Amino acid sequence: QVQLVESGGGLVQPGGSLRLSCAASGFTFSAYAMKWYRQAPGKERELVAAISTGGSTNYADSVKGRFTISRDNAKNTIYLQMNNLKPEDTAVYYCNTWLDTKLGEIHVYWGQGTQVTVSS
């Protein structure tokens, strides 16, 4: 079964840093793009960062220059390095991937989320 497990969240002061991890299992990790989303209370879930199988990355404008997504295929893990954190970064952060099936269908998978709180 496909599993995505996030970790690394916590409480940090504005300007501080955190590194989130997402451990993946149940599929050929290296063959799929991976993404980080976040969702604050009362707001829509939004895409934060994405990384392709080849290592190309894309970021939301709000985090560009501060966050870095990376992947370690040997460990089946993606990371989100978050620097210069701001209060508006406070949210639950989710790992995400889209997988194709033998029937040609697309299934979307999410981790359980990890809370990031940025506060003074």
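Draft legend 1. How the structure looks around the overall build of the chain. A count of helices and strands for the chain gives zero helices and 11 strands. Counting from the amino terminus, helix and strand elements in the chain follow one another as β-β-β-β-β-β-β-β-β-β-β. Expected size for 120 residues packed as a compact globule is a radius of gyration near 14 Å; at 14 Å, the chain falls within 12% of this value. Counting only contacts in the chain whose residues sit at least 6 apart along the sequence, the fraction spanning at least 24 positions is 54%. When the 11 positive and 9 negative side-chain charges of the chain are each reduced to one mean point, those points stand 5 Å apart.

Draft legend 2. The nonpolar core, seen in detail. Among the nonpolar cores identified, the biggest contains 29 residues, and Trp36, Leu80, Met82 and Tyr93 are the most heavily contacted of them. Taken together, the elements giving at least two residues each to this core come down to β3 (18–25), β4 (34–39), β5 (46–51), β7 (67–72), β8 (77–82), β9 (91–100) and β11 (114–118).

Draft legend 3. Structural view of the pattern of salt bridges. Within the structure shown, the criterion is met by four salt bridges. Residue arginine 38 pairs with glutamate 46 through a salt bridge whose shortest N-O separation is 2.7 Å. Taking relative accessible area as the criterion, arginine 38 reaches 5% and is therefore assigned buried. For arginine 66, the salt bridge is made with aspartate 89, and the minimal N-O distance between the two is 2.8 Å. In this pair, arginine 66 sits in the loop between β6 (57–59) and β7 while aspartate 89 sits in the loop between β8 and β9, placing the two residues 23 residues apart along the sequence. A single burial state applies to arginine 66 and to aspartate 89, both of which are buried. If you follow the salt bridges from partner to partner, you end up with Arg38, Glu46, Arg66 and Asp89 in one network.

Draft legend 4. A look at the packing of aromatic side chains. Under the criterion given, the structure shown has four aromatic pairs. Arranged with centres 5.9 Å apart and planes meeting at 75 degrees, the rings of phenylalanine 27 and tyrosine 32 form a pair that is edge-to-face. Of the two residues, phenylalanine 27 and tyrosine 32, neither departs from the other in class, the shared state being buried. With a centroid separation of 6.4 Å and an interplanar angle of 85 degrees, the aromatic rings of tyrosine 94 and tryptophan 110 are classed as edge-to-face. Taken together, the residues span a long stretch of sequence, with tyrosine 94 in strand β9 and tryptophan 110 in strand β10 (residues 106–110) at a distance of 16 residues.

Draft legend 5. View of the side chain of threonine 77. Position of threonine 77 relative to the elements: it lies in strand β8. Among residues more than four places away in sequence, those in contact with threonine 77 are Ser21, Cys22, Ala23, Phe29, Ser70, Arg71 and Asp72.

Draft legend 6. View of the sheet that holds β3. The strand order across the open sheet built from four strands is β1-β3-β8-β7, with neighbouring strands paired in antiparallel fashion. Only two strands of the sheet have a single neighbouring strand rather than two, namely β1 (3–7) and β7. Pairwise comparison of adjacent strand axes, ignoring direction, gives a mean angle of 15 degrees for this sheet. Alignment of β3 against β8, held across six bridges, turns out to be antiparallel. Bridge pairing in β8 places alanine 23 opposite threonine 77.

What counts, and at which threshold
- Residues numbered from 1 in each chain as written.
- Predicted model: local features only at pLDDT ≥ 70, side-chain atom pairs only at ≥ 80, totals over all residues.
- Heavy atoms only, no water.
- Helix = DSSP H or I, 4+ residues; strand = E, 2+ residues; numbered from the N terminus.
- Rg over C-alpha atoms; globule rule 2.2 N^0.38 Å.
- Contact = heavy atoms within 4.5 Å.
- Lys, Arg positive; Asp, Glu negative; His and termini not counted.
- Charge placed at Lys NZ, Arg CZ, Asp CG, Glu CD.
- Core = buried A, V, L, I, M, F, W, Y, C linked by side-chain atoms within 4.5 Å.
- Buried < 20%, exposed > 50% of the residue type's maximum accessible area, 1.4 Å probe, protein only.
- Salt bridge = Lys/Arg side-chain N within 4 Å of Asp/Glu carboxyl O.
- Phe/Tyr/Trp six-rings, centres within 6.5 Å; stacked < 30°, edge-to-face > 60°.
- Pairing = 2+ DSSP bridges.
- Axes fitted to C-alpha atoms, helices over the stretch in contact; angles between N-to-C directions.

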